[in-house]
Amino acid sequence: MYTKDQIQAFQIATKNFIDNPQDINLENLKKLLKFHEYQYYVAAEPLISDYEYDVLYQQLIALEGASPHLITTDSPSQRVGNSLNNNFETVPHLVPMLSLENSYNAEDLNDFDRKAKEGAQLDSIKYCVEPKFDGASISLIYENDMLVRASTRGDGVAGEEITQNIKQIRSIPLSVPLSQYGIQQMEIRGEVIMSKKSFSDFNDKLKAKQQATLANPRNAAAGSLRMKDPKEVGERNLDAFIYHISFYTLKEGAAIPEQLKTHSGSLELLWNMGFRSPQKERKVISNIEGVIQFCNDFESSRDNLPYEIDGLVIKINDFALQEKLGMTSHHPRWAIAYKFKARQATTILENVEFQVGRTGAVTPVAKLKAVAIGGVTVSSISMHNEEYIREKDLRLGDTVIIERAGDVIPQIVHSIASLRNGTQQIISFPTTCPVCEYILEKEETEAVWRCNNPNCTAQIVERMIHFVSKDAMDIKSFGDANIRKFYELGLLKNIPEIYNLDFENIGRLEGFGKKSVDNLKIAIDASKSQPLYRLIYALGIRFVGETTAKTIASHIEHILDLQHFSIEQLQSFEDVGVKVASSIHHYFSQEKNIALIKELDALGLNMIQTNTTAVDGNLSGLNFLFTGTLTQLKRSDAEAMVEARGGHILSGVSSKLNYLVVGEDAGSKLEKAKKIASIKIITEADFIWQIYLSNKNSTQ
Ligand code: IVH
């Protein structure tokens, strides 16, 4: 609909507006908003973040508020949306689905409270606060206890009929006991979401099938609702929260249920009927100060939730009061959304750096024009591999949308191709190592280009950084920066030299007082007696993570035993597949690696599995799991005690489990274990007696 030139002009106008909001007039602002609405709802190619859109929209409301006579019927403020697609049948909502006004800070919330109090002529108002679920909104109609229709929000007045797809979502009941509460017909609202876990599992599946991954759980949920094949919807593990009853009729002679006098009561009622309404997730608060405090606290803990939310919704709790305040043409006066700080932003992809990791993998890293998202400044984002760049069609100079999802690691969502002006350049992957110029190689089954030069300086430094890291040899006070510094100064050339540092020279470096040199010495010395699995992990053998290192260590007495294992023998270890086994075999068949290990041995590092006797000991072959809160032991210590005696820790309850050790407030794992007769359920005290004390006896 818009030409390239127009798109570019609008983009410039948007930027000017964001920089100088006071300079825009109402007519231009409306055009700008209509343009961005089209991009978002129709073209499905948003050019600005939700936050930036809200800034524009709020300015429109402010300008129109100041001059109400200038409000035209086609203003973006006069409708609720325009996203209808003709593939599904369009059905009218019983009550229009309005959106909420947004607030961003305490001042906005105080304003909302002041207006509500004025309208209600009250001194204080009780609010119910609940999450603003970040998914796709739906409307459901139940009649005579049965789900009869489900639809998307559409333009707010009518939506698309998606009943079959909605029926795939297990948290939405197909029938509910309405009649028990005297209700004949009920229309309710909610949000379909995809949990963070389901989202990452789903993207993993897409990656495995070499299909494009989805940008975020919201898009995944919204896209899923409009799938042609309901079966596919079922596979996506969607969920739904129900947060509003928009309409109901009573059976003849029935009285309004007591719970339908307040919003929190209605959520309770929905919950009792079998819906997933905000239950633990809601709070009734008696004044706006409490609401503001709650909003601040909640924002800092949003990452702890298993699903994405983009804010909180504050609703007046009393329905009679809600009714008194009523609605404007586009939002209720009795509710407001409190939006968390934006997690999406647009910026420019200015440069690409190619970094070489310890295994020689070359990773492209996007260097971005610095931009703040959710309180963090982002200027650099990993682009993983060549395929990622191609899939997202990223070019140097592109405008890109970036996002900080729940897991905090920022990512590029997509580039905005329509904003290209001809100066953007294709990103070409180097053919030689950016550090040592060795020709890069790629295995057929891998997405990663690698430098296979064992003497590549980048790899040497990265290997040393890995060697000293927390989960490996855990040499505290060594850190990335010191390794790089010592390497650049010629004080450290390879891993064995970590144990032969010239501390006199180091002591002369700026920032190295006697205390820090002493600390470094102590930490390096202490690392010599780290358990064997840490050394195996620290060597950086490809595909050998911490868990595999532990498994391997438990099967050997001395690290060089691994020279004598065949790939098949290695595969007989738990969780070691052919890929891992081949990698271990390859590592131990190389003379230079054996020479490195022997050198470390000569420097005094522990090479043996010190607790081999215990491994063959009293818990050998037994599987344990701890659940609930332990009061006498730290869980990690308890688990280490089991492993040190040859036992294994399982991650869940299954028939393989031998002992479930139950602490305080144990929950579902205990219930599950009770159903499997072979599992012995013991207390923490039993565990200490059976495990710890029996070990004392055996070492005496
Ligand atoms: S109440 C009339 N509560 O946010 C009140 N909405 O801009 C209807 N949303 O379209 C909305 N969580 O899709 C409400 N706890 C919640 C919500 C919620 C998410 C969405 C909903 C709505 C949009 C408002």
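Residues numbered from 1 in each chain as written. Predicted model: local features only at pLDDT ≥ 70, side-chain atom pairs only at ≥ 80, totals over all residues. Heavy atoms only, no water.

Novice: How should I be thinking about the site of the ligand in this particular structure?
Specialist: Around the ligand, a shell composed of 14 residues is seen, among which Glu130, Pro131, Ser137, Glu191 and Lys315 lie nearest. Lys132 is positioned with one of its side-chain polar atoms (N or O) 3.1 Å from an oxygen atom of the ligand. In the model, an oxygen atom of the ligand is placed 3.3 Å from a nitrogen or oxygen of the Tyr243 side chain. Within the complex, the protein chains bury 90% of what would otherwise be the 520 Å² of accessible surface of the ligand. The set of elements that each furnish at least two residues to the shell around the ligand consists of strand E3 (127-133) and strand E10 (309-316). Of all the elements, E3 adds the most residues to the shell around the ligand, at four residues. Among the residues making up the shell around the ligand, the classes are represented as seven nonpolar, two polar and five charged. (Near = heavy atom within 4 Å. Polar contact = N/O pair within 3.5 Å; in protein donor to acceptor, adjacent residues only side chain to side chain. Areas by Shrake-Rupley, 256 points an atom, 1.4 Å probe, with all protein chains shown as cover. Helix = DSSP H or I, 4+ residues; strand = E, 2+ residues; numbered from the N terminus. Nonpolar A, V, L, I, M, F, W, Y, C, P; charged D, E, K, R; others polar.)

Novice: I would appreciate a short explanation of the nonpolar core in the present structure.
Specialist: Inside soluble globular proteins, nonpolar side chains tend to come together where they are buried. In this structure, Phe467, Phe478 and Ile559 are the most contacted members of the largest nonpolar core, which totals 57 residues. For this core, the secondary-structure elements that each account for two or more residues are helix H13 (457-468), helix H14 (479-488), helix H15 (503-507), helix H16 (514-527), helix H17 (532-538), helix H18 (546-554), helix H20 (578-588) and helix H21 (591-602). Setting aside residues up to four positions removed in sequence, Ile559 forms contacts with Leu532, Leu535, Ile536, Leu539, Phe588, Ile597 and Met607. Ranked by size, the runner-up nonpolar core spans 37 residues in total, among them Leu140, Ile188, Ala220 and Leu269. (Core = buried A, V, L, I, M, F, W, Y, C linked by side-chain atoms within 4.5 Å. Buried < 20%, exposed > 50% of the residue type's maximum accessible area, 1.4 Å probe, protein only. Contact = heavy atoms within 4.5 Å.)

Novice: For this particular structure, what's the right way to read the sheet that holds strand E24 (residues 680-683)?
Specialist: Two strands in a sheet stick together by hydrogen bonds in their backbones, pointing the same way (parallel) or opposite ways (antiparallel). Read across the open sheet, the four strands follow the order E22-E21-E23-E24; overall the sheet is parallel. Where the open sheet ends on each side, the last strands, each with one partner, are strand E22 (648-649) and E24. Pairing of strand E23 (residues 659-662) with E24 involves four bridges; the strand directions are parallel. Across the sheet, residue Tyr659 finds its bridge partner in E24, namely Lys680. Of the strands in this sheet, strand E21 (623-627) and E22 touch helix H23 (residues 635-644), which is tilted by about 170° from E21. (Pairing = 2+ DSSP bridges. Axes fitted to C-alpha atoms, helices over the stretch in contact; angles between N-to-C directions.)

Novice: Explain the packing of H13 against H14 here, please?
Specialist: It is the contact of H13 with H14, at a shortest axis distance of 9 Å, that shows an interaxial angle of 140°. With respect to H14, the axis of H13 lies oblique. Every pair of crossing elements has a handedness; the one defined by H13 and H14 is right-handed. Of the residues in H14, those touching H13 at Thr457, Ile460, Val461, Glu462, Met464, Ile465 and Val468 are Asp480, Ile483, Arg484 and Tyr487. Here the contact of H13 with H14 is composed, by residue class, of seven nonpolar, one polar and three charged. (Parallel < 35°, antiparallel > 145°, perpendicular 65-115°, else oblique. Left-handed = near helix turned anticlockwise from the far one by under 90°.)

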